[in-house]
Amino acid sequence: MPWTEANGTVLRYERLGKGPRTILLLHEMGGTLESWDYVVDLLAESYGVVRFDMRCTGLSEWKPGPVTIEDLSGDALALLDALGGTGPVAIAGCAVGAAVAIHFAAAFPARTAALVAMSPAIGLPEEAKAAALTRAARLEAGGVRPTVDEQLDRSYPPALRQDRSRFAEVRSRRLAANPFGAAAFGRMLAGLDLSAALSRVKCPTLVLAGRHDHVRPIAGVAETARRIAGAQMEVLETGHFMPLQTPEPVAAALLRFLDARWP
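The rules we used
- Residues numbered from 1 in each chain as written.
- Predicted model: local features only at pLDDT ≥ 70, side-chain atom pairs only at ≥ 80, totals over all residues.
- Heavy atoms only, no water.
- Helix = DSSP H or I, 4+ residues; strand = E, 2+ residues; numbered from the N terminus.
- Rg over C-alpha atoms; globule rule 2.2 N^0.38 Å.
- Buried < 20%, exposed > 50% of the residue type's maximum accessible area, 1.4 Å probe, protein only.
- Contact = heavy atoms within 4.5 Å.
- Disulfide = S-S within 2.5 Å.
- Pairing = 2+ DSSP bridges.
- Right-handed = clockwise from strand over helix to strand, strands pointing away.
- Core = buried A, V, L, I, M, F, W, Y, C linked by side-chain atoms within 4.5 Å.
- Axes fitted to C-alpha atoms, helices over the stretch in contact; angles between N-to-C directions.
- Parallel < 35°, antiparallel > 145°, perpendicular 65-115°, else oblique.
- Left-handed = near helix turned anticlockwise from the far one by under 90°.
- Nonpolar A, V, L, I, M, F, W, Y, C, P; charged D, E, K, R; others polar.

## A few points about the overall build of the chain
(1) Moving on: For the chain, the count of helices and strands is 11 helices and 8 strands.
(2) Moving on: Its C-alpha atoms give the chain a radius of gyration of 17 Å, near enough to 18 Å, the size a compact globule of 263 residues would have.
(3) Moving on: With respect to the three principal axes, the spread of C-alpha positions in the chain is 45 × 40 × 40 Å.
(4) Moving on: Here the chain holds 263 residues, and 55% of them are scored as buried.
(5) Moving on: Within the chain, contacts between residues separated by at least 24 positions form 77% of all contacts whose residues are at least 6 apart in sequence.

## Digging into the state of the cysteines
A disulfide bridge is the covalent bond that connects two cysteines by way of their sulfur atoms.
(1) Moving on: Tallied over the entire structure, the rule returns 0 disulfides.
(2) Moving on: No disulfide involves Cys56; its sulfur sits 19 Å from the nearest other cysteine sulfur, which is in Cys94.
(3) Moving on: Looking at Cys56, the relative accessible area reads 2%, which means it is buried.
(4) Moving on: For Cys203, which is in no disulfide, the shortest distance to another cysteine sulfur is to Cys94 and amounts to 18 Å.
(5) Moving on: Residue Cys203 is classed as buried on the basis of its relative accessible area, which comes to 10%.

## Overview of the pairing of strand β8 (residues 232–236)
The side chains of a regular strand alternate between the sheet's two faces.
(1) Moving on: Sheet topology note: the strand β7 (residues 205–210)/β8 ladder contains 5 bridges and is parallel. The residue of β8 that forms the bridge with Leu206 is Gln232.
(2) Moving on: Handedness of the β7-helix α9 (residues 218–226)-β8 crossover: right-handed.

## A look at the nonpolar core
(1) Moving on: The biggest cluster of nonpolar side chains holds 44 residues, and the ones touching the most others in it are Leu24, Phe52, Leu79, Ile102, Leu115 and Val201.
(2) Moving on: Here this core gets 9 residues from one element, more than from any other, and that element is helix α3 (residues 96–107).
(3) Moving on: Other than its neighbours up to four places away in sequence, Val201 contacts Ile102, Ala105, Ala106, Leu115 and Ile228.
(4) Moving on: Core analysis: the second largest hydrophobic core is formed by 29 residues, Leu208, Ala253, Leu254 and Phe257 among them.

## Quick look at the packing of helix α4 (residues 126–142) against helix α7 (residues 179–190)
(1) Moving on: Between α4 and α7, the least distance of the axes is 8 Å, while the angle of their chain directions is 165 degrees. The orientation of α4 relative to α7 falls into the category roughly antiparallel. For the crossing formed where α4 meets α7, the hand is left-handed. Of α7, the residues touching α4 (which contributes Lys129, Ala132, Leu133, Ala136, Ala137, Leu139 and Glu140) are Pro179, Phe180, Ala182, Ala183, Gly186, Arg187 and Ala190.
(2) Moving on: Tallied by class, the residues present in the contact of α4 with α7 amount to 10 nonpolar, 1 polar and 3 charged.

Following this line, the structure appears as structure tokens:
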């Protein structure tokens, strides 16, 4: 997979698929472009697909210091520009990737044809911010391993672990994640407030919640959907990492929505 410099940052990306319409995929915190491995072939039959490692993750450039939502959505726009895109795309993200997708849709409406937000993170309640900052410090001090199983119990619960090899692969990916990048994302999330951005999203929007997502429960996702004008919401039998856990229903929901709302 190639790299390119966009927005002053080297990003690893992949471009595949066919057709004049493009879907840009944004992974979750601690993930990489491989988070979409089980979905991309299903989407690429009908659409062009671009996915990439966000800055400070995977094999993209890591820079010391804070990460901002403006950095991440700016990277996405610059990557599309570097690949020669000038028209609008559908942008789909999971968890923190959904936050970036929402910010992108609000900040760059002319470049956004449709938005799909899966378990979107739009900020943290006040009572959760201190814990997020503490976890960021723990990641920097001790790496991912001390907290990985605690986190996976909430994001990838036993009810979704029927495919043991897939769960083991996801766990290994989490252990291999850059703890400094994850800490930077955690601090960004602790300070994030996308309330104003939600009202600026004007494109067709699908919000997906997971019935087994103990990180971002259905009620909170429904409130996010309610604050985006005209947004549709669906609840899938999945968890927090839905493109990894249940790729077929996720891809089906995306294609059904995009085929209807982006003809």
